[in-house]
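Structural overview for review
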Amino acid sequence: MHKKKKFPLILVVLILFCQSLVGITARAADDFSVNANAGFAIDADSGKVFFNQDGDTPKGIASITKTITAYLVLDAIKQQKISWDQEVPISEYAEQLSTTPELSNVTLVRDQKYTVKDLFEAMIIQSANAAAVALAELVSGNEHTFVDQMREQVKQWGITDATIINASGLSNVYLGEHRYPDTQENDENLMSARDVAIVAQHLIKDFPEVLETSKIAKKVFAPNTTHPEEMENWNLMVLGGNDHKDGVDGLKTGTTDLAGACFVGTIQKDGRRVITVILNALDEPNNSSARFVETNKLMDYCLTNWSQQEVTATGQEPPSGQKTLKVTDGKEKKVSLILGAPVKLWVRNDMDIKNLTIKANLDHSLLDNNAIIAPVHKNEKIGTVSVQLAQDNLGYLQKDEGATTDLLTKTAVEKANVFELLWKKITNLFA
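The structure presented is a predicted model; accordingly, all values stated were derived computationally and were not measured. (Residues numbered from 1 in each chain as written. Predicted model: local features only at pLDDT ≥ 70, side-chain atom pairs only at ≥ 80, totals over all residues. Heavy atoms only, no water.)

Looking at the packing of helix α5 (residues 129-140) against helix α6 (residues 143-156)
- Direction vectors running N to C along α5 and α6 enclose 80°, while the axes themselves pass 8 Å from each other. The pairing of α5 with α6 is recorded here as roughly perpendicular in orientation. Of the residues in α6, those touching α5 at V133, A136, E137, V139 and S140 are E143, T145, F146 and Q149.
- Taken together, the residues of the contact of α5 with α6 break down into four nonpolar, three polar and two charged. (Axes fitted to C-alpha atoms, helices over the stretch in contact; angles between N-to-C directions. Helix = DSSP H or I, 4+ residues; strand = E, 2+ residues; numbered from the N terminus. Parallel < 35°, antiparallel > 145°, perpendicular 65-115°, else oblique. Contact = heavy atoms within 4.5 Å. Nonpolar A, V, L, I, M, F, W, Y, C, P; charged D, E, K, R; others polar.)

Structure follows, in structure tokens:
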């Protein structure tokens, strides 16, 4: 007779504790939320959406607007329409706006010399509104034409529900006679959190040098002028900020009465970059760092709960969906299909990587009535396959993004000879 083993009490407690941790992790991954009107997060490289809390409803974005302005300035530099060391003329409008007491600014004086670099740094670090206006006037001649350019740019990115009426993100109430035509006194720029992430992704991908500016905590503006000013980055999560988080090097804050406290942030850690969006952090009245508190939580959530995993292998038969293809005039009636390369997916901790949704996208220019005509070569590409987790309904930032691989023929199929083809026709008649 065998005696039952008795586990030490400490071991039982440890096992129960570990089991509870697994449960907590799964629930945290599934039930996570941010204390804000909207939250959104993506993998910067692939566009995979990690989190979406009311991220598709346009809301006030305030000075996050300046990420679009920054993109157009950097694009103008790339096209050699302007240069970093070019002097920027200061209009009477920009000069007056720069001295409005309640707005974030650096003082601009018309008879002083400021370069594009001076004003770009002021716009990103200090969120200087007049600097954004001056840059818009330089690039397009006036702010209204620049706004038209902003609208066209976001449209090219697939953004169709944004309201863009100025280059700075200010409420129209501060612009007076300089308001964009047919807009109202209290109108502001509006975008969804998803739209903000789209802008940020394009800005970082196309002009990664913006991060060299957005990570600066402090710098003196225009030190050789009559009005040098110490600039302090409103993004307190960069190195040197009160809410510093390792790896955070951007991107842009925004605050108005309508928008609340907003922040589009980005962090690079362990070889991956995440972009996060917080619109109207609701605890801002009690905590001036509320947007950074929520961003910190959101970044940790993405980095902890999401990891990239290989879910298929090269040469593997598709787990579901299109596994074979009919062959016309071949010695075999069909050919098996395989995946051309491994597919990696971003997987949340509580998701089952074996439960995949496979969709074949055949190249019909190569087919005749959904069949391939012999002869067929081995590893011949006949289309692509998109792969996603069945449990994942978050998708990607835009429709053209996603995990795909080539769909190939597994073997060669020779063309049947004349007698074989004749015999097939005869047998088909009596089939």
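What follows picks up the thread again.
Notes on the nonpolar core
- Membership of the largest hydrophobic core comes to 79 residues, with the highest contact counts inside it found for L119, F120 and F221.
- One finds I267, I278, V311 and V335 within the second-largest nonpolar core, a separate group that totals 46 residues. (Core = buried A, V, L, I, M, F, W, Y, C linked by side-chain atoms within 4.5 Å. Buried < 20%, exposed > 50% of the residue type's maximum accessible area, 1.4 Å probe, protein only.)

Remarks on the side chain of N233
- With respect to the helices, strands and loops of the structure, N233 is situated in the loop between β6 (229-232) and β7 (248-256).
- Judged by relative accessible area, which is 8%, N233 ranks as buried.
- Among the polar contacts made by the side chain of N233, one reaches the main-chain carbonyl oxygen of S214 at a distance of 3.0 Å.
- Once you skip the residues sitting within four places of it in the chain, N233 turns out to touch I124, I125, S214, I216, A217 and V238. (Polar contact = N/O pair within 3.5 Å; in protein donor to acceptor, adjacent residues only side chain to side chain.)

Remarks on the confidence of the model for the chain
- Looking at the chain, the pLDDT average stands at 91 and 90% of residues meet or exceed 70.
- Contacts of residues 1-7 to residues separated by more than four positions or lying in other chains number one contact, the stretch itself having pLDDT below 50.
- A low-confidence stretch, residues 11-27 stays under pLDDT 50, and its non-local contacts, those more than four residues away or across chains, total five contacts. (pLDDT = per-residue confidence, 0-100.)

Structural notes on the pattern of salt bridges
- Within this structure, the stated rule accounts for 14 salt bridges.
- Two residues, R194 and D56, come together in a salt bridge whose shortest N-O distance is 2.5 Å. One end of the pair, R194, is in helix α7 (residues 193-206); the other, D56, is in the loop between β2 (49-53) and β3 (59-60), and 138 residues separate them in sequence.
- For R110, the salt bridge is made with E95, and the minimal N-O distance between the two is 3.0 Å. Note that R110 is positioned in the loop between α3 (92-97) and α4 (116-125) and E95 in helix α3, a separation of 15 residues in sequence.
- What makes R110 partly exposed here is its relative accessible area of 46%. (Salt bridge = Lys/Arg side-chain N within 4 Å of Asp/Glu carboxyl O.)

Some details on the sheet that holds strand β8 (residues 260-269)
- Ordered in space as β2-β1-β9-β8-β7, the five strands form an open sheet in which the pairing is antiparallel. Strands at the two margins of the open sheet, each flanked by one partner only, are β2 and β7. In this sheet, adjacent strand axes meet at a mean angle of 10° when their direction is disregarded.
- Where strand β1 (residues 36-43) and strand β9 (residues 272-281) come together, seven bridges link them in antiparallel fashion. Note on β9: the bridge partner recorded for F40 is V277.
- Sheet contacts for helix α9 (residues 290-305): β1, β2, β7, β8 and β9; angle to β9, the most-contacted strand, approximately 145°. (Pairing = 2+ DSSP bridges.)

Observations regarding the sheet that holds strand β14 (residues 356-362)
- One open sheet accounts for six strands, arranged β14-β16-β17-β12-β11-β15; its pairing is mixed. Two strands bound the open sheet, and with one partner strand each, they are β14 and β15 (371-373). Going across the sheet, the axis of each strand differs from the next one's by a mean of 35°, ignoring polarity.
- Relative to β15, strand β11 (residues 324-328) runs parallel, the two being bridged by three bridges. Among the inter-strand pairings, K326 is bridged to a residue of β15, identified as A371.

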